[in-house]
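# Descriptive analysis of the structure
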Amino acid sequence: MIIMQLNGIGKSYGAEEIIHNIKLEIKDQDRIAIVGRNGAGKSTLLKIMAGEETYDEGELFKPKELTIGYLSQHTGLESNQSIWDEMQAVFASLIAQEKELRLLEQKMADASSHTPEAYEKILQEYDRLQHAFSENGGYSYEADIKAVLTGLHFQNYDYETPISELSGGQKTRLALGKLLLLKPALLILDEPTNHLDIDTLAWLESYLSAYPGAVVIVSHDRYFLDKTVSIVYEISRHRMKRYKGSYTKYLEQKALDYEQDLKEFEKQQTEIKKMEDFIQRNIVRASTTKRAQSRRKQLEKMDVMDRPLGDESSASISFQVNKRSGNDVVQIKQLAFQYEEDAAPLFQGVDLQLQRGDRVAIVGPNGVGKTTLLKTILGKLKPIQGTIQLGTNVEIGFYDQEQANLNSNKTVLQELWDEHPTINEKDIRTVLGNFLFSGDDVLKPVYALSGGEKARLALAKLRMKKANLLILDEPTNHLDLDSKEVLEAALIDFPGTIIFVSHDRYFINTIADQIVEMEKDGVTLYLGNYDYYIEKKQEELEYAQLENVETKETEVDTNKRTFQEEKKLQSERRKIERQIAKLEQSIEELEQKLLLLEEQMADPAVYQDHEKALELTKEANGVKQEIEQQMEEWTALQEA
């Protein structure tokens, strides 16, 4: 079933056209990605779909009852409530229903104070409310909250923590969690993978795969898109095209489409050239004039194809070095860091050695200290223990995910030129042009740039430094997919050493030849890319499980019981099994009895017999208590 349809949607800001003639269709179980360059209008389109922004032309159709959940790029949950209370607020109607049910149960227990007619109404209302409560997840909403909070890595937090005390990234994750718990029919997510570590990304992929509604996503995470979507809409040059399949399939189909379009264009151009040559040769000859005129008419009526435009212009990034470093680039021994004197160390026992040409990715959960480790290597933070030794001729270039090294009040041109005043303006403009800052773009103030533009400017500054050791903190954040590919190509060709932190699994897999998994008590080195790291982690998990089984078997072997002890244990076990079987039979009989009582209570004839109804209610409550008591005994025996 179609739940939303966009026909010819257009939007402009002043004279600048953002999107034009957008056509899009969403069905109730669709998994859709919207892709395109930074500035292509993806976020604007999502806001229009969510009703957050108006459109200038076209039509948007959706059912009145359609529920929409929208997460913007920079959403953070602002609340004075605790984590738990804020998540519970999603289920306010269920909590109100639960209170109603408890009140009705109290009235049912005090049947003598009601007339038979009033009591019948109470029973009917209770039955109706209980059914609605169960259908809407009344018995599982607390488990749902805990599952989402655990998936978003809040399991180790006190749920009574006020949200106002959390970091920006944590507030963003909670905003996502609250949206997932609301379960709108249409979920619209703009860069949902920001602020998520690799484990949380994997959980979110799994959650969205089983999501009961439709999902529309804008993301620059290629692994994430491949795992979650089956339809891709590309916005390019203000227009949209639909592709069926994963993100990888979209790239393949797009390349095939371009190749086919180019062949058809070239074939038509060849045909046009032949027709023009024929007309030119034969138009003046009396014997062939008519045929030449006929060809001319054919040519005039022909629908001439435009040359396929292919991909839009890409950044042209390359990194060189001023001088080569020695073989030993960085040596870290027993490094530890803490922010406050009385607090536990953020991390400790870090040993790491980088050789020239190494490409090292640091991975680990949020909060383990990955960015702090980079800043400690840079000398921006001082460790409480351990040493950091830089090798001969090592020159460091740092990419900061917060872009704190950019001056907001400068223009793009000044940002580069002020640091390299001896270089000609023309050469500075050429470098900026390679990073897609052309014409008057270089005169824009830094504060007016988008996240993607700031990222490209920071990379331009890094390129100008010509350092032989690049330290990169989340370098792909804010970059569109095309810019990521260009950056990857530049880093693959870089002649120096790279150490970086990233949550982009595709980027890690492409660049890294070593993975350093960081934990609070040290690091573990894996010699390979991300795929190798995942494979080894799986092997370690399987080995640990096998070792656990073998350990248990060994414990049994090393504690061999005597024949008499074994016989006694077997006798006790058989006794317990007989008790369990007896309880199971008794519970089954009680459940049958309860079912019979409930059927009698549902009989309309009983409603008019006040005493009989009260008697059956008391008997049913007694049976329930007996079942609960026997279930507790059964559980205790099972665990014995």
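Refer to the preceding data block for the structure.
From a predicted model like this one, the values you see are computed outputs, not experimental measurements.

### What about the overall build of the protein?
Counting secondary structure elements, the protein contains 20 helices and 18 strands. The C-alpha radius of gyration computed for the protein amounts to 34 Å, which surpasses the reference 26 Å derived for 640 residues by more than 25%, pointing to a less compact arrangement than a globule. Each principal axis of the C-alpha distribution contributes one length, and for the protein these read about 110 × 75 × 55 Å. A fraction of 69% describes how many contacts in the protein between residues 6 or more apart in sequence connect residues 24 or more apart. In the form shown here, the protein has an accessible surface area of approximately 35100 Å², with 47% of it arising from carbon and sulfur atoms.

### So, the sheet that holds strand β11 (residues 347-355)
Strand order across the open sheet formed by 3 strands is β11-β10-β13, with antiparallel pairing between neighbours. This sheet does not close on itself; its edge strands, each paired only once, are β11 and β13 (385-390). Strand-to-strand twist across the sheet, computed as the mean angle between neighbouring axes with direction ignored, equals 10°. Examined bridge by bridge, strand β10 (residues 328-337) and β11 share 6 bridges and lie antiparallel to one another. Directly across from Val-330, in β11, lies its bridge partner Leu-354. Along the sheet face, helix α11 (residues 370-378) touches β10, β11 and β13 and points at about 120° away from the line of β10.

### So, the sheet that holds strand β8 (residues 231-236)
Spatial ordering of the open sheet is given by β5-β6-β7-β3-β8-β9, a layout of 6 strands whose pairing is mixed. Only two strands of the sheet have a single neighbouring strand rather than two, namely β5 (68-71) and β9 (239-244). Strand after strand, the sheet turns through a mean of 15° between neighbouring axes, direction not considered. For β8 and β9, the ladder comprises 6 bridges, and the chain directions are antiparallel.

### Comments concerning the nonpolar core
The nonpolar side chains of soluble globular proteins are, as a tendency, buried together. Counting residues in hydrophobic clusters, the biggest one holds 64 residues, and the most contacted among them are Leu-149, Leu-174 and Leu-208. Counting residues in each nonpolar core, the second largest holds 44 residues, with Leu-416, Met-464, Leu-470 and Phe-494 among its members.

### Side note on unusual backbone geometry
Trans peptide bonds make up most of the peptide bonds, and negative phi angles are found at most residues other than glycine. The backbone of His-153 shows a phi angle near 65°, a positive value even though the residue is not glycine. Among the secondary structure elements, His-153 is positioned in the loop between α5 (141-151) and α6 (168-182). What makes His-153 partly exposed here is its relative accessible area of 24%. A positive phi angle, near 50°, is found at Glu-474, a position not held by glycine. For Glu-474, the location among the structural elements is in the loop between β15 (469-473) and α15 (481-492). A relative accessible area of 5% means that Glu-474 is categorised as buried.

### What about helix α7 (residues 198-209)?
The end-to-end C-alpha distance of α7, which contains 12 residues, comes to 17 Å, matching closely the 16 Å that a straight helix rising 1.5 Å per residue would cover. For α7, the complete set of buried residues consists of Ile-198, Thr-200, Leu-201, Leu-204, Glu-205, Tyr-207 and Leu-208. Between the side-chain oxygen at the start of α7 and the backbone nitrogen of Asp-199 there is a gap of 3.3 Å, and the oxygen is on Asp-197.

### Some words on the packing of aromatic side chains
Enumeration according to the criterion identifies 15 aromatic pairs in this entry. Centre to centre, the rings of Trp-203 and Tyr-207 are 5.2 Å apart; their planes meet at 35°, and the pair counts as tilted. Here Tyr-207 and Trp-203 lie together in helix α7, a separation of 4 residues that amounts to about one turn. Ring geometry for Tyr-530 versus Tyr-533: centroids 5.9 Å apart, planes at 45°, classification tilted. Here Tyr-530 and its partner Tyr-533 are both found in helix α17 (residues 530-558), 3 residues apart, which amounts to about one turn of the helix. For the pair formed by Tyr-530 and Tyr-533, the shared burial category is buried. Cation over ring: Arg-456 sits above Phe-437, and NZ or CZ is 5.2 Å from the ring centre.

Criteria and thresholds
Residues numbered from 1 in each chain as written. Predicted model: local features only at pLDDT ≥ 70, side-chain atom pairs only at ≥ 80, totals over all residues. Heavy atoms only, no water. Helix = DSSP H or I, 4+ residues; strand = E, 2+ residues; numbered from the N terminus. Rg over C-alpha atoms; globule rule 2.2 N^0.38 Å. Contact = heavy atoms within 4.5 Å. Areas by Shrake-Rupley, 256 points an atom, 1.4 Å probe, with all protein chains shown as cover. Pairing = 2+ DSSP bridges. Axes fitted to C-alpha atoms, helices over the stretch in contact; angles between N-to-C directions. Core = buried A, V, L, I, M, F, W, Y, C linked by side-chain atoms within 4.5 Å. Buried < 20%, exposed > 50% of the residue type's maximum accessible area, 1.4 Å probe, protein only. Expected span 1.5 Å × (residues − 1). Polar contact = N/O pair within 3.5 Å; in protein donor to acceptor, adjacent residues only side chain to side chain. Phe/Tyr/Trp six-rings, centres within 6.5 Å; stacked < 30°, edge-to-face > 60°. Lys NZ or Arg CZ within 6 Å of the ring centre and 35° of its normal.

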